[in-house]
Amino acid sequence: MKKRIAVPALIVCLFISLFPVTVTAESIDVEVNKEAVLSGLFEADISTLREALDAGIVTSREITQYYLDRIEAYDQPYNCFITICADALQQADARDQERAEGKKIGPLHGIPIVVKDNIDVAGVHTTNGHKKQNSQIAKDNAESVQKLIDAGAVILAKANMSKDARSAYWSKSDAAGEVKNAYNPIYSPGGSSAGSAVSVSLNFAAASLGTDTNSSLRIPAALAGCFALRSTFDLISRDGVIKLNGLRDTVGAITRTASDLALMMDVLTGGQYNYLENRNKEIFKGLRLGIVKELTYATTLDSYRTEENIDNEVMAAFHRAVGELKALGAEVVKISFPNIYSLAGKATNQAGMEKIYDAYLSVLEKYDVSALIYPTYLSTPLKTGRDENGVFWNIFDDKQQVFINNCRTLSSCAKLPEITVPIGHHSGGPGIGLEIAAPRYSEQFLLDIAMAYSETYDYRVAPTGAPDDYKASSMGSLRNVLDDYYARLTEAQLLNRFEPKKGMFIAESPKVIMRALDAGCEPVSLLVERNHINAEAEEAIARCGDVPVYTAELDVLTQLTGFQLTRGMLCAMKRPRLRSLEEVLAGAR
C-alpha cells in the first residue's frame, strides 16, 4: 500500500518548488448555465448553497429572488406567510457586497431564512397570529434572529402560525388564515409552527425558525417531511419571543436535512458546540435504543390510544424504521414507562418536571438504553375543511377524527431534547416522523443519529404542489452543477497555469488527474486533503504509482501552497514531450 506522509512545512515548501508558476488570483471565465443553477437550488441544502455562493456561480440576490418568485407562484393555497420582508433583496445585496469585499463570512452568509411570527425581527410586525397593528412592529431582533443575522442570514419572511401558538392540531391565524399541508391541502399541517415547516418543505426558504411549547416544532416538521429538534430547555435564548409558557417555550429550527439542522443549531447556540464538526459517524456502534410501549401501542392509560385509533400506515413506517436502525448497528428493545402519563400530568411546575426527568433517567438505567424512541404521532393525519368528496372535516371533532400526539408527553414535560426524523409518508400525503428523546444536553447525540440514519435511509420527498420551475434545464442536484463547474474551471486553470518551457502543470481533481494520466502525463507528487480520500481519490492515487503522497487538512494545504483546492487534491505533472496541454486534454476526452 502506498505510504502517505503528513505534511510538515518543510515538505510542503519542497513540494511547492515542483510547480513552475506562482499562483495569483487569476480571472478565469467559465460559462455557467444559470437555469441549471436555479434548478439546482430546488431541495439544495445550506452547505451546498454556501459552496455555490463561495464558488461564485450564484449570488445571494439570485437565491433570494428565486425563493420570492416561488412564494409568489405557489404560496396559495398553503398560506405560509404573514409578512414578506420588504428589504429581503436589499439584505441579499449587502451580503453579496460583503462577499465581494472579502469581509468575514458566516455559516449562513447570504442564505434566506424564514422566522415564525411570534419571534421579533426589527422593523417587522410580530403578530403572534393576530391581525396586524402598528404597535406590533418590533424595535429589536430577538436574540435567536440576531444570531442568524450575525451568521450572515437573509431574513426573508415571517411565517404564519396558530393564533397565540396555542394549537398543535392546525395553524390558523387572524392575520393570514389557515396554513395547509405541504403534500395535500386537505390535510392539516399541524401547529403551531406550520408556516415555518411548510415553507421549508415547499422550497420557499433554506430553513426556518419556529417555537415549541409542547410539540409545535416537531408535529409540523414531521407532517411536512422535515427535521426539527426541540432542544434542552434554555439552551437557546428566548429573548424577543412572545411567551406562551415560561417553563416550556423553546426556539428551534426546521430543515430539509439533518446536517442543515446541525448547522442551524450551531448558529443558534453561538457556535459553542460545533455539532457538525464534532459529529460521531460511528454513532450506531454499541447503541441501544428503547421503544416506549406506552407511546407506541394501544394502552388503557389513555382512552384515545386504542387499536382502532392507531393508524396502520404510521405503525408500518415506524416498524420499518426500527428495522433500519437495527441494520445500521443499533440494538432496539421494547421498554415500559408505566407512570409516564401520570407524571406528565403533574409536570406543571419545576418540581413536577424534575420528577418526570428523574423517572426518565431511571428507565434508561433500568433497561440499559441511551435514548427512547416512538412515532411522532400515532393516528391518521387530521383532515381539515371540505375534501374532494364534499365531506366537511372538523379538526376538533374527536367523534369524527382523533389525533394522537406523542410529542407533548415527555420532552416538553421533562425539559429534555427530542428530535423528529422523517421515516416515510402516509398514503394521503403527509409525512411520518420518528421521535428520539435523549437526556438533557444530548443534542449532539440526537443530531448524530439523525444524520447517520438519514444519509442511509432518506425519506425526504419534495411536495408536488410547488415543482422545480427549471427542471427542463436540470443537471440534477446543485452538487452536480458544482461538480460540472469545478471540472471546467479546473481545465481553465490548467491552461492558465501551463508553462511550455518547463512542461509542468497542476491537476486539481481525481477526474482531471486520471484524464491526464490517460493522455500520457507523468505524475511527480500528490497533495491530498486528509478527509477527502474517497474511492475516486484512492483510484487516482493508485494510478499515480510510486510517487510521494502528502496529506494534510484542507486549510493547511491552502495556506501553505497558495492553491485553493476545489476537490481535495493537487498533482504536479509533466506533459509528454512535443505535445501542448491543449492536445493532452483533448486526447484525454
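Residues numbered from 1 in each chain as written. Predicted model: local features only at pLDDT ≥ 70, side-chain atom pairs only at ≥ 80, totals over all residues. Heavy atoms only, no water.

## A short note on the pattern of salt bridges
Close approach of charged atoms lets side chains of opposite charge pair. Per the stated rule, a full pass over the model turns up 24 salt bridges. Ionic pairing is found between Asp-54 and Arg-99, a salt bridge with its closest N-O pair at 3.3 Å. Highlighted residues: Asp-54 in helix α3 (residues 46-55) and Arg-99 in helix α5 (residues 88-100), separated in sequence by 45 residues. On the basis of relative accessible area, Asp-54 is assigned to the partly exposed category, the value being 44%. The class for Arg-99 is buried, based on a relative accessible area of 17%. Arg-230 is the salt-bridge partner of Asp-212, the closest N and O atoms lying 2.9 Å from each other. On the criterion of sequence distance, the pair formed by Asp-212 in strand β7 (residues 207-212) and Arg-230 in strand β8 (residues 227-230) is long-range, its members being 18 residues apart. By the burial criterion, Asp-212 is buried, and Arg-230 matches it. Connected through salt bridges with shared partners, the residues Asp-212, Arg-218, Arg-230, Glu-418 and Glu-435 form a single ionic network. (Salt bridge = Lys/Arg side-chain N within 4 Å of Asp/Glu carboxyl O. Helix = DSSP H or I, 4+ residues; strand = E, 2+ residues; numbered from the N terminus. Buried < 20%, exposed > 50% of the residue type's maximum accessible area, 1.4 Å probe, protein only.)

## Considering the nonpolar core
Counting residues in hydrophobic clusters, the biggest one holds 144 residues, and the most contacted among them are Leu-108, Leu-148, Phe-337, Leu-372, Ile-373 and Leu-410. Those residues in contact with Ile-373 that lie beyond four places of it in its chain are Leu-289, Gly-290, Ile-291, Val-292, Thr-296, Phe-318, Val-322, Leu-325, Val-332, Leu-434, Glu-435 and Ile-436. Listed in part, the 18 residues of the second largest apolar core include Leu-517, Ala-540, Val-549 and Met-573. (Core = buried A, V, L, I, M, F, W, Y, C linked by side-chain atoms within 4.5 Å. Contact = heavy atoms within 4.5 Å.)

## Brief notes about unusual backbone geometry
The linkage connecting Gln-76 with the following residue, Pro-77, adopts the cis geometry, with an omega of 20°. Summarising the element assignment, Pro-77 is placed in the loop between α4 (60-74) and β2 (81-84). Backbone torsion omega between Gly-191 and Ser-192 reads 0°, so that peptide bond is classified as cis. One can find Ser-192 in the loop between β6 (177-178) and α7 (194-201). With a phi angle near 60°, Ala-165 is a residue other than glycine that sits in the positive phi range. In this structure, Asn-203 is a non-glycine residue whose phi angle is positive, near 60°. One can find Asn-203 in the loop between α7 and β7.

## Brief notes about the packing of aromatic side chains
As enumerated under the stated definition, the model contains 9 aromatic pairs in all. Seen from their ring centres, Tyr-169 and Phe-396 are 6.0 Å apart, and the 15° between their planes marks the pair as stacked. With Tyr-169 in the loop between β4 (154-159) and β5 (172-173) and Phe-396 in the loop between β14 (392-393) and α14 (411-414), this pair connects stretches of sequence that are 227 residues apart. Tyr-169 gets classed as partly exposed once you look at its relative accessible area, which sits at 27%. Each member of the aromatic cluster is reached from another via a ring pair, and the members are Tyr-169, Trp-170, Tyr-377, Phe-396 and Phe-403. Here Arg-440 stacks its cationic end above the ring of Tyr-357, 3.9 Å away from the centre of that ring. (Phe/Tyr/Trp six-rings, centres within 6.5 Å; stacked < 30°, edge-to-face > 60°. Lys NZ or Arg CZ within 6 Å of the ring centre and 35° of its normal.)

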